[in-house]
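# Geometric and topological summary
Next come the chains, spelled out residue by residue.
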Amino acid sequence: MKAVHVGGLLLAMVAPLYAEIPQSQSSQAPPEAAIDPMSEPRQHSMALAGALKQALVAAMQSGGPVAAIDVCHIQAIPLTRQISESSGWQVGRTSLKVRNLDNAADEVERDVLARFEQRLQAGEPVGTIEWMDEREENGKTIQHFMKAIPVQAPCMACHGTDLAPAVSQQLDALYPGDQARGYTLGELRGAFTLKRAVPPGS
């Protein structure tokens, strides 16, 4: 994978979030038989979620929702690449209603997201909604993990039903194909999606 260099600010946001992961999810793992196969990709998805939320909240406090849009537009990709490179997983986000069309879900992800929505409607807490699969692709064993992303309070200024005119104008300019508006608090926004080829000998 081509090396990507990101600023110290982004690295500073990611590193403490790994440190805050509970010990049960860290590299100090229990014997192999007791390992939860979802624990490692879950840790990386939590690190990305925390870094993005930290950056968004800081932008909202300093410059309001328009500044938060710039965080997503400028910082989200290098943050995601940094975690991908440090983890060995291909890390991303997707949704059935994407803002960035590059994040559109593939067939497997669309099916999983539909099932996530069903689980949410059935009353399962969104924080526990996740999925993992292992399959063969082009002669390699691929692990694929997804974890639900809920609509939280910081999301509403840019993804809610009542957007400020300046926010709508900025979104229209940056994301002409934006589908990610009209959400209400607690809805399923999408999912973190992480893939990797199983290392030899695993």
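Read on for an overview of the structure. (Residues numbered from 1 in each chain as written. Predicted model: local features only at pLDDT ≥ 70, side-chain atom pairs only at ≥ 80, totals over all residues. Heavy atoms only, no water.)

### Examining the sheet that holds strand 4 (residues 188-197)
Across the sheet, which stays open at both edges, the 4 strands sit in the order 1-4-3-2 with antiparallel pairing between neighbours. Each edge of the open sheet is held by one strand with a lone partner, namely strand 1 (90-94) and strand 2 (130-137). Adjacent strand axes in the sheet meet at a mean angle of 20 degrees, parallel and antiparallel pairs treated alike. For strand 2 and strand 3 (residues 140-150), the ladder comprises 8 bridges, and the chain directions are antiparallel. Paired with Glu-134 across the bridge in strand 3 is Gln-143. Contacts from helix 2 (residues 39-74) reach strand 1, strand 2, strand 3 and strand 4, with the element oriented near 130 degrees to strand 4. Along the sheet face, helix 4 (residues 107-121) touches strand 1, strand 2, strand 3 and strand 4 and points at about 135 degrees away from the line of strand 4. (Pairing = 2+ DSSP bridges. Helix = DSSP H or I, 4+ residues; strand = E, 2+ residues; numbered from the N terminus. Axes fitted to C-alpha atoms, helices over the stretch in contact; angles between N-to-C directions. Contact = heavy atoms within 4.5 Å.)

### Digging into helix 2
In this model, helix 2 (36 residues) spans only 29 Å end to end at C-alpha, well below the 52 Å of a helix rising 1.5 Å per residue. Largest kink in helix 2: about 140 degrees, centred on Gly-63, with the proline Pro-65 one to four residues after it. (Expected span 1.5 Å × (residues − 1). Bend = angle between axes of the 7 residues up to and from the residue.)

### Comments concerning the pairing of strand 4
Successive side chains on a regular strand alternate, one facing one side of the sheet and the next facing the other. Across the 10 residues that make up strand 4, a large majority, 8, are buried. Bridge count between strand 1 and strand 4: 5 bridges; the pairing is antiparallel. From the neighbouring strand, Val-91 faces strand 4, where its bridge partner is Leu-194. Pairing of strand 3 with strand 4 involves 9 bridges; the strand directions are antiparallel. Its bridge partner lying in strand 4, Ile-149 is registered against Gly-190. (Buried < 20%, exposed > 50% of the residue type's maximum accessible area, 1.4 Å probe, protein only.)

### So, unusual backbone geometry
One non-glycine residue, Asn-138, adopts positive backbone phi at about 55 degrees. Tracing the backbone shows Asn-138 in the loop between strand 2 and strand 3.

### Details of the side chain of Ser-39
With respect to the secondary-structure elements, Ser-39 resides in helix 2. Relative accessible area serves as the criterion here: at 13%, Ser-39 is assigned to the buried category. A polar contact is formed between the side chain of Ser-39 and the backbone oxygen of Asp-36, at a distance of 2.8 Å. (Polar contact = N/O pair within 3.5 Å; in protein donor to acceptor, adjacent residues only side chain to side chain.)

### Brief notes about the packing of helix 2 against helix 3 (residues 76-87)
Running from amino to carboxyl end, helix 2 crosses helix 3 at an angle of 165 degrees, the nearest separation of the two axes being 9 Å. By the criterion of interaxial angle, the relationship of helix 2 to helix 3 is roughly antiparallel. As helix 2 runs across helix 3, the sense of the crossing is right-handed. Residues Glu-40, His-44, Ala-47, Leu-48, Ala-51, Leu-52, Val-71, Cys-72 and Ile-74 of helix 2 touch helix 3, and the partners they reach there are Ala-76, Pro-78, Leu-79, Thr-80, Ile-83 and Ser-87. (Parallel < 35°, antiparallel > 145°, perpendicular 65-115°, else oblique. Left-handed = near helix turned anticlockwise from the far one by under 90°.)

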